[in-house]
Each structure stands twice: as structure tokens, then as C-alpha cells.
Amino acid sequence: FERDSRSKNSIIHGLEELNTTDYFALEEQVIAFFKTNVKVNIVDEELDFVKRIGKKIEDKYRPILLKLTTYRKKIMILKNRKLLKGQNVYISEDFPKEVRVIRKQLIEPMLRARESGKIAFIRYDKLIVKEKSDFIRGSKRITEKPPKVEGKIQKEKKRHRTKSGQIDRPLTSRDITTFFKDKENSDSDGSTSRSLRSGSSKTAEK
């Protein structure tokens, strides 16, 4: 539960402390910092709260704890915090005390793994170590030759042929007119045949 409650939190370290306790002044300072230094725009509604944490010590800036209203905005901030490289200000996640202790203990083995040529990083309270070859294999893409276009066209033609061997197509008005003309001729031929048969039978009776 505690992990979920901190999931949208971030901590800014080293940001200059203003000579005021006004909440909105601190909020404006944080918004301006993200816009200028981290290249992330934040509006008032996206900040749940901001506050300085820890005891005030002379010549030291207290960290700023902030809670965002969306996890998406936090991810954007963490993604762009690399822009602060070389500055005295940095951004970290808000971990529980016991997790911070574990992470601190994992720093040394993480650095040793990196020195040995491996990829190592800390994910929450776990040290993840992988071989570089694993990442190389995972990033390779298998390329396949595209199928022959000609063969594909022939298959499409066969699929669209009807039983009579004709290529299927939508009916046109000409087709409909021809159909009714043929039917009319067929009906008239049938009537003539019936009339002839009727006349012949009458002659035979006489």
C-alpha cells in the first residue's frame, strides 16, 4: 500500500531555498524549474502538493517532496532528469526508508558489476545484472525476404474466379438489361411453341 501511495511522488534535491514560507511561492518555483531545466510543463492541477522536508540547516537546501496527480507526468520527469547532469540539482523517486537502506547497500555491487562489463541497475529494491550480449541479441531484428508479388497476384486471381471460369465482378445495368431480354425471348419462344402444339392437337381432333 505504501508503495502505491508513493508511486506519483518525486523529490527534488539541491534546489535553492527561498526566504519565504509561502506555499504558492514554492509551487511556482517548482513549476518554473521543471519547465526551464527538465523541459516538462506542469500546470497547477497536476500538482497535488509540494513541501520542503527535513530540518532546516544553514548553507544547505532542504529537498522538496512533491506529489503529482498523474503517474504519466512523473514518468516524463524521470525520463528527462538526465538533462540535469552536471548541475547541483537532481531528482529522485520517493522510496520508503527501508527501501532506501537496501538501495544504498546495492550501489557498491552494482558498480562492481558495471566495472566487469555487465549491465547493472537497481529496480526498486532489487539489483538487476545482465550480460551485454543479452541486450544485443534482444535488439536484433530478423529480416525476411518479401514474397514475390507476381505469385501473390496469381493467387488472388485464382481466388476470385467463379466456377464457370469467369472473373467475378459486380453486376452492371447492362448485365441486368441483357438478362431480362433473354428471359423475355425465352418466354415468347415458349408461348409460340405452346400455340403450335395447341393448333396441332385441334387439327388432329377434327
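No experiment lies behind these values; they were computed from the predicted model shown.

### Considering helix α4 (residues 97-115)
In this model α4 runs 28 Å from its N-terminal to its C-terminal C-alpha over 19 residues, within 8% of the 27 Å that 1.5 Å per residue would give. Along α4, the sharpest change in direction is near 30° and occurs at I107; proline P109 comes one to four residues later. All buried positions along α4 are accounted for by V99, L106, M110 and A113. Looking at the buried side of α4, the elements it contacts are β5 (119-123) and β6 (126-130).

### Notes on the confidence of the model for the protein
Per-residue pLDDT for the protein has a mean of 76; in total, 64% of the residues score no lower than 70. Below pLDDT 50 for its whole length, residues 139-150 participates in zero contacts with residues either more than four positions away or in separate chains. For residues 200-206, every residue scores under 50 in pLDDT, and the model assigns this stretch zero contacts once sequence neighbours within four places are set aside.

### Quick word on the nonpolar core
As a rule of thumb, soluble globular proteins bury nonpolar side chains together. Grouped together as the largest cluster of nonpolar side chains are 20 residues, with contacts concentrated most on I12, V30, F33, F34, L66 and I91. At the level of secondary structure, the elements contributing two or more residues to this core comprise α2 (23-38), β2 (47-52), β3 (64-68) and α3 (71-80). For I91, the residues in contact, after removing those within four places along its chain, are S10, I11, I12, F33, F34, V38, I77, L78, R81 and L84. Counting residues in each nonpolar core, the second largest holds five residues, with L106, M110, A113 and A120 among its members.

Cut-offs applied
- Note on numbering: residues in each chain are counted from 1, in written sequence order.
- Only residues with pLDDT of at least 70 are given local features in this predicted model, and only at 80 or more are side-chain atom pairs given and counted; all residues enter the totals for whole chains, interfaces and linings.
- Values shown for side chains rest on all heavy atoms present in the structure; no hydrogens or waters enter the calculation.
- Each helix corresponds to a stretch of at least 4 residues labelled H or I by DSSP, and each strand to a stretch of at least 2 residues labelled E; elements are numbered beginning at the N terminus.
- Each helix should span, by expectation, one fewer than its residue count multiplied by 1.5 Å.
- Fitting axes to the seven residues that end at a residue and to the seven that start at it, the angle between those axes gives the bend at that residue.
- The classification of residues rests on relative accessible area computed with a 1.4 Å probe and restricted to protein chains. Under 20% of the type maximum is buried, over 50% is exposed, and intermediate values are partly exposed.
- Contact between two residues is taken to exist if any of their heavy atoms lie within 4.5 Å; hydrogens are not considered.
- As a per-residue measure, pLDDT reflects the predictor's confidence and takes values from 0 up to 100.
- Among buried residues, those of type Ala, Val, Leu, Ile, Met, Phe, Trp, Tyr and Cys that are joined through side-chain atoms within 4.5 Å constitute a nonpolar core.

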